[in-house]
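What follows is each chain in one-letter form.
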Amino acid sequence: MTNGKKLRLRPAAGIKTALIYLLVILVSFIFAFPCIWLVLSAFNAEGDLLTLEGFFPEVYSFDTFRRLFTEINKYDYPRWFGNTLFVAAISCVISTMLVIAVAYTMSRYRFKSRKAMMKATLILGIFPNFMNMTALFVIMTQLHLINNLWGLILLYSSGSTMGFLVQKGFFDTIPGSIYDAAILDGASDLRVFVSITLPLSKPMIVYTALTSFVWPWADFMLPSMLLVDKSSWTVAVGLNSLDDSEFSIFAAGSLFVAVPIVALYIALSKYLIQGGAAGAVKE
């Protein structure tokens, strides 16, 4: 009731709203279906992708998870998981430091060829990554880094600096008067970066760390090209080597792949909504 009168929803508006909700539900189901199927398949006692009948397995079992971690001679999933975690963690730390340093330099300082470097970065970003696979393989062969986890770390860390433009845009939003005030107070460039820029940039640092971790954690192309021995495989390469009859093992392994990413996001998500330069200007 509003002013003694009932609000009436027009039929056309009601139909439009119902169609919108129906479309949202349909799209959500399409995106959620593979995830739900993967979870249910991990508990499927049959484990064969080609003979899986129906959406829900007829028999549920935890045996796939036991086999995943105990049948090391066949799967060696613990070693694959450890290799992936090692590469992703080290690459995350190095990449985050490099990207933040490059982005801050491009945002804070003005020097010759600065704009040319940013334009070149934009142009190179147009080309897909698989175009340089042959060149990378030849270079890593000459450096004797084939079948070496440190070779992967080198590639992930060195290539991460190409994505500094997002971080640079964030640093551009920090008021220059903050830097001017710090310099007038006698702070050095390093002190300004460590004591002022980094505390104000927690959301961007967290974003950079998350993306730097997810890329090597989920990547398949580079590990499949550089890692030959089964003992040096990452999770992506190892799970891809399984055949259709071991789909339940593949599903169980895929579930554990998501655990570190979800845990890292939960641990760092609070920093995504903190920070910023609002109200930090020294007058």
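By the naming in an unreviewed UniProt entry, the protein chain goes by ABC transporter permease subunit and is assigned to Candidatus Borkfalkia faecavium. In its Sequence similarities (unreviewed entry) section, the UniProt record describing the protein chain reads: "Belongs to the binding-protein-dependent transport system permease family. MalFG subfamily." Here is the UniProt Subcellular location (unreviewed entry) comment for the protein chain, exactly as written: "Cell membrane".

Caption draft 1: Quick peek at the overall build of the protein chain. Counting its secondary structure elements, the protein chain contains 13 helices and zero strands. Tracing the protein chain from N to C terminus, the helices and strands come up as α-α-α-α-α-α-α-α-α-α-α-α-α. Of all 283 residues assigned to the protein chain, the portion counted as buried reaches 34%. A sequence separation of at least 24 residues applies to 76% of the contacts in the protein chain between residues at least 6 apart. Carbon together with sulfur atoms contributes 68% to the accessible area of the protein chain, which is approximately 17400 Å² in total.

Caption draft 2: View of the UniProt feature "transmembrane region" (unreviewed entry) in the protein chain. Per the UniProt record, "transmembrane region" (unreviewed entry) is annotated on residues 20–40, 80–104, 116–139, 145–166 and 247–268. Summarising residues 20–40: 100% helix, 0% strand, and an end-to-end C-alpha distance of 29 Å. Between the C-alpha atoms that bound residues 80–104 there is a distance of 36 Å. The span itself is 100% helix and 0% strand.

Caption draft 3: Main features of the nonpolar core. Residues Y77, L152 and L222 are the most contacted members of the largest nonpolar core, which totals 34 residues. Broken down by secondary-structure element, the contributors of at least two residues to this core are α2 (63–70), α3 (77–108), α5 (133–142), α6 (149–160), α10 (202–218), α11 (221–226), α12 (235–240) and α13 (247–272). One finds M118, F164, L200 and M204 within the second-largest nonpolar core, a separate group that totals 18 residues.

Caption draft 4: Structural detail: a nonpolar patch on the surface. Taken together, I123, L124, I126, F127, F130, M131, M162, F220 and M221 make up a surface patch of nonpolar side chains, about 930 Å² in accessible area. Relative to the elements of secondary structure, F127 occurs in the loop between α4 (114–124) and α5.

Caption draft 5: Highlighting the packing of aromatic side chains. For the structure shown, the criterion picks out 21 aromatic pairs. Measuring from ring centre to ring centre gives 5.3 Å for F86 and W150, while their planes differ by 85°; the resulting arrangement is edge-to-face. Taken together, the positions of F86 in helix α3 and W150 in helix α6 put the pair 64 residues apart, joining distant regions of the chain. Take F86: its relative accessible area is 32%, and that puts it in the partly exposed class. You can call W150 partly exposed: its relative accessible area is 49%. Geometrically, the ring pair formed by Y104 and F171 is edge-to-face, given 5.9 Å between the ring centres and 85° between the ring planes. Of this pair, Y104 sits in helix α3 while F171 sits in helix α7 (residues 165–172), and the two are 67 residues apart along the sequence. We note that Y104, like F171, is buried. Chaining the aromatic ring pairs together yields one cluster made of F43, F62, F65, F69, Y77, F81, F213, W217 and F256. Here the guanidinium or amino end of R108 rests over the ring plane of Y109, the centre of that ring lying 5.9 Å away.

Caption draft 6: Region of interest: the environment of V214. Positionally, V214 belongs in helix α10. Separated by 122 residues in sequence, V214 and C92 have C-alpha atoms that sit 8.5 Å apart.

Caption draft 7: Quick peek at the environment of F256. Along the polypeptide, F256 turns up in helix α13. Beyond its immediate stretch of four places on either side in the chain, F256 contacts F65, L68, F69, Y77 and F81.

Caption draft 8: Representation of the packing of α3 against α10 within the structure. Interhelical geometry of α3 versus α10 gives an angle of 145° and a closest axis separation of 8 Å. Once α3 is placed against α10, the crossing between them reads as right-handed. Contact residues: F81, T84, L85, V87, A88, A89, S91, C92, S95, T96, V99 and I100 in α3; I205, T208, A209, S212, F213, P216 and W217 in α10. A breakdown of the residues in the contact of α3 with α10 according to their chemical character gives 13 nonpolar, six polar and no charged.

The rules behind these values
Residues numbered from 1 in each chain as written. Predicted model: local features only at pLDDT ≥ 70, side-chain atom pairs only at ≥ 80, totals over all residues. Heavy atoms only, no water. UniProt positions renumbered as here; feature names shortened; annotations may be inferred. Helix = DSSP H or I, 4+ residues; strand = E, 2+ residues; numbered from the N terminus. Buried < 20%, exposed > 50% of the residue type's maximum accessible area, 1.4 Å probe, protein only. Contact = heavy atoms within 4.5 Å. Areas by Shrake-Rupley, 256 points an atom, 1.4 Å probe, with all protein chains shown as cover. Core = buried A, V, L, I, M, F, W, Y, C linked by side-chain atoms within 4.5 Å. Patch = residues over 30% accessible without salt bridge, like charges linked within 9 Å, V, L, I, M, F, W, Y side chains within 5 Å. Salt bridge = Lys/Arg side-chain N within 4 Å of Asp/Glu carboxyl O. Phe/Tyr/Trp six-rings, centres within 6.5 Å; stacked < 30°, edge-to-face > 60°. Lys NZ or Arg CZ within 6 Å of the ring centre and 35° of its normal. Axes fitted to C-alpha atoms, helices over the stretch in contact; angles between N-to-C directions. Left-handed = near helix turned anticlockwise from the far one by under 90°. Nonpolar A, V, L, I, M, F, W, Y, C, P; charged D, E, K, R; others polar.

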